[in-house]
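Listed below, chain by chain, are the residues.
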Amino acid sequence: MLQTTIDNFYQNLQQEVDNCIENHEVLHVNRQQGEDFVVISATDWRAIEETLFLNRIPGIIASIHQAAQEPLDQGTLLKALNW
């Protein structure tokens, strides 16, 4: 996580935001008065929300870990699934 001061953030707003978006960086902005805040791209935030949602499904993490251990040639091909 990158860090900057509120003054530096204001002076370099466009550059700081572009860096967060392009490099998928989280920027922690320190304020002298008031609570600090974090800047993150909308794409990265959606990925975090999706992860949080999936973590609420009972057994999903164990299922993912189990599937990751299976050799690729032993699983069911996607085209064989009846969607």
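Note that the coordinates shown come from a computational prediction; the quantities given were computed from them, not determined experimentally.

Conventions used here
- Residue numbers here run from 1 along each chain, matching the order of that chain's written sequence.
- Reporting in this predicted model follows two pLDDT cut-offs: at least 70 for local features of residues, and 80 or more for side-chain atom pairs to be given and counted; totals over whole chains, interfaces and linings ignore these cut-offs and use all residues.
- The basis for every side-chain value is the complete set of non-hydrogen atoms in the structure, without hydrogens or water.
- For two strands to pair, DSSP has to find at least two bridges joining them.
- For the purposes of this entry, the term helix denotes a DSSP run of H or I that reaches at least four residues, the term strand denotes a run of E that reaches at least two, and both are numbered from the N terminus.
- Whether two residues touch is decided by their heavy atoms; if any such pair falls within 4.5 Å, the residues are in contact.
- Polar contact is defined as a pair of N or O atoms within 3.5 Å, subject to the rule that within protein one atom must be able to donate a hydrogen and the other to accept it, and that residues adjacent in sequence are counted only when both atoms are side-chain atoms.

**Student:** Honestly, the pairing of strand β2 (residues 27-30) in this entry has me stumped. Any pointers?
**Tutor:** Strand residues, when the strand is regular, have side chains that alternate between the two faces of the sheet. Two elements, strand β1 (residues 2-5) and β2, share four bridges in a ladder whose sense is parallel. Opposite T4, over in β2, you have V29 as the bridge partner. The sheet contact formed by β2 and strand β3 (residues 37-39) spans three bridges and is antiparallel. If you follow L27 over to β3, its bridge partner there is V39. Counting the residues in the hairpin turn of β2 and β3 gives six residues, including G34, whose phi is positive at 90°.

**Student:** What is the right way to read the environment of V26 from this model?
**Tutor:** Here V26 shows up in the loop between α2 (13-23) and β2. Considered as a pair, V26 and L72 are 46 residues apart in the sequence and their alpha carbons are 34 Å apart. Setting aside residues no more than four positions away along its own chain, V26 makes contact with M1, L2, V38, V39 and I40.

**Student:** Just to check I follow, could you spell out the side chain of S41 for this structure?
**Tutor:** Here S41 is to be found in the loop between β3 and α3 (42-55). Within polar-contact distance, the side chain of S41 engages the backbone nitrogen of D44 at 3.1 Å. Ignoring any residue separated from it by four or fewer positions in sequence, one finds S41 in contact with C20 and I21.

**Student:** Even after reading the chapter, I still don't get the side chain of H28, so can you show me in this structure?
**Tutor:** In this fold, H28 is placed in strand β2. Setting aside residues up to four positions removed in sequence, H28 forms contacts with M1, L2, Q3, T4, D36 and F37.

**Student:** What am I meant to see in unusual backbone geometry here?
**Tutor:** Trans is the common state for peptide bonds, and a negative phi is the common state for residues other than glycine. In the Ramachandran plot, H24 falls in the positive-phi region, its phi being about 50° despite a non-glycine side chain. Following the sequence through the fold, H24 ends up in the loop between α2 and β2.

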